[in-house]
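Take a look at the letters that make up each chain.
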Amino acid sequence: MISAPTAVHLKALDPLDFLERSAAVYREKIAVVDGATRRTYPELLERVRRFADVLQQAGIRTGERVAMLSPNTSALLEAHYAVPLAGGVLCALNIRLAVEEIRYIIGHCGASLLVYDAQFDDFVAQLAPAIPTIRVTTGAITHAVRDYETLLAKADPARVVRPAFDEETLLSINYTSGTTGQPKGVMYTLRGAYLNAMAEVFHANLRPESVYLWTLPMFHCNGWLYPYAVTAAAATHVCLPKVDPALIFTLIAREGVTHLCAAPTVLIALANAPTAAPFAQALSVITAGAP
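Notes on the structure follow. Residue numbers restart at each chain and count upward from 1, following the sequence in its written direction. In view of the model being predicted, local features appear only for residues whose pLDDT reaches at least 70, and side-chain atom pairs are presented and counted only at 80 or more, with totals across whole chains, interfaces and linings using the full set of residues. Only hydrogens and water are set aside; all other atoms, that is, all heavy atoms of the structure, feed into the side-chain values.

Moving on, we get to the pairing of strand β3 (residues 65-69). Working note: regular strand, side chains alternate between the two faces of the sheet. The cut-offs for exposure are 20% and 50% of the maximum accessible area for each residue type, with area from a 1.4 Å probe on protein chains only; residues under the lower value are buried, those over the upper are exposed, and the others partly exposed. The way it works is that DSSP assigns letters per residue, a run of H or I at least four long becomes a helix, a run of E at least two long becomes a strand, and they are numbered from the N terminus. Of all 5 residues making up β3, 4 are buried, and the element is well covered by its neighbours. Relative to strand β4 (residues 89-92), β3 runs parallel, the two sharing 4 bridges. Looking across to β4, one finds that Met68 is bridged to Ala92. By the criterion used throughout, a crossover qualifies as right-handed when its path from the first strand across the helix to the second strand runs clockwise, the strands pointing away from the viewer. Crossover β3 to β4 through helix α3 (residues 74-86) is right-handed. Bridge analysis of β3 against strand β5 (residues 111-117) gives 5 bridges, and the strand direction is parallel. The pairing criterion is simple: DSSP has to find at least two bridges between the two strands.

Our next topic: the packing of aromatic side chains. Pairing of aromatic rings covers Phe, Tyr and Trp, the last through its six-membered ring, and needs centres within 6.5 Å; plane angles under 30 degrees mean stacked, over 60 mean edge-to-face, and all others mean tilted. Scanning all chains against the criterion turns up 7 aromatic pairs. Taken together, a centroid distance of 5.1 Å and an interplanar angle of 75° make the contact between Tyr81 and Tyr228 edge-to-face. Placement of Tyr81 in helix α3 and of Tyr228 in helix α9 (residues 226-232) is noted, with a sequence separation of 147 residues between them. Pair check on accessibility: Tyr81 and Tyr228 agree, each one buried. Chaining the aromatic ring pairs together yields one cluster made of Tyr212, Trp214 and Tyr226.

We now examine the sheet that holds strand β12 (residues 284-286). Pairing within the open sheet is mixed, and its 6 strands lie in the order β2-β1-β10-β9-β11-β12. With one partner strand each, in any of the chains shown, β2 (37-40) and β12 form the two edges of the open sheet. Here the average twist between neighbouring strands, direction ignored, is 20°. Sheet topology places strand β1 (residues 30-34) next to strand β10 (residues 236-238); 2 bridges connect them, and they run parallel. Across the sheet, residue Val32 finds its bridge partner in β10, namely His237. Here, axes are lines fitted to C-alpha atoms. For helices the fit covers the stretch in contact, and angles between N-to-C directions go from 0 to 180 degrees.

Another aspect to go through is the side chain of Ser22. Note on placement: Ser22 falls in helix α1 (residues 16-25). According to the relative accessible area criterion, Ser22 is buried, its value standing at 0%. Within polar-contact distance, the side chain of Ser22 engages the backbone oxygen of Thr231 at 2.6 Å. Whether two residues are in contact is decided by their heavy atoms: any pair within 4.5 Å suffices. The contact partners of Ser22, leaving out residues within four places of it in the chain, are Arg27, Tyr41, Thr231, Ala232 and Ala234. Here a polar contact is taken to be a pair of N or O atoms separated by no more than 3.5 Å, where protein atoms must pair a possible hydrogen donor with a possible acceptor and residues adjacent in sequence count only if both atoms sit in side chains.

Below, the discussion takes up the state of the cysteines. Any two cysteine sulfur atoms lying within 2.5 Å of each other are counted as a disulfide. Scanning the model with the defined rule gives 0 disulfides in all. Cysteine Cys91 remains unbridged, with the sulfur of Cys109 as its closest cysteine sulfur at 4.1 Å. With no disulfide of its own, Cys221 lies closest to Cys261 among cysteine sulfurs, the gap being 12 Å. Since its relative accessible area comes to 31%, Cys221 is described here as partly exposed.

All of the buried residues in helix α10 (residues 245-255) are Ile248, Phe249, Leu251, Ile252 and Glu255. Seen end-on, α10 carries its buried residues on one side only, within an arc spanning 165°. Opposite the packed face of α10, turned more than 90 degrees from it, sit the exposed residues Ala253 and Arg254. Along its buried surface, α10 packs onto β1, β2, β9 (211-213), β10, β11 (259-261) and α11 (264-271). Capping the start of α10, Asp244 holds a side-chain oxygen 3.1 Å from the backbone nitrogen of Ala246, two or three residues further along. Following α10 by one or two positions, Gly256 adopts a phi angle in the positive range, close to 65°. This arc describes the spread of directions from the helix axis toward the C-beta atoms.

Rendered as structure tokens:
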């Protein structure tokens, strides 16, 4: 799966290595909590490989863009690994943008496939993308579309062959919002993502016993690369579909959350929430922007 190094003492920096190591070393560790679903690191790795096979069987080739329209779910976390494993480039879309803005981004990045959460059925119907789609749902399948879980169940994780790459290979494209013109695309390489993830492990003091709550959108700068940082530390990802203070306080208490990232406006909402109360455990909070 990994391309041969140019010398025996050199290896390309690749954030997929974080997942493979954690799956090998922490075989019983819970990697992801998403609602009532809990998956270990080996289970997460298998789903990533299955997703990568789905992408390759769908025709995704080296350098092709895969757009994701999803809140902070396990599927979006899986995409951060599966898309580059398949050879593609991830474009995580801002779910707060308008139809015309998303249509522009899909066209500008040249996406070949759109994977979207079922809650955006009406949005995607308005979008009417001129590319194939895959629908992610945890409920009954009522639409005549390709369903994520069905495709994963039929996929062959052993069939995935990762195309040749180096550490300067493009990993993702992220688009700005709130600008005076059209959204602007910003690119991450494998090397950049790897190094930034390691910096976040150090900066946030992430450890295997850490529990990270996904208050920060994964579509925002790939969640500041925490999809890779949390995995590198073999910590636990706790998915959060929307910023709901009551749910956040419930998850912090129930899951023993130790870390979260959030913009100041989210922290203000938490401080002013009726359910606000002292935490039973130490909580590291990483923020950015004007305090």
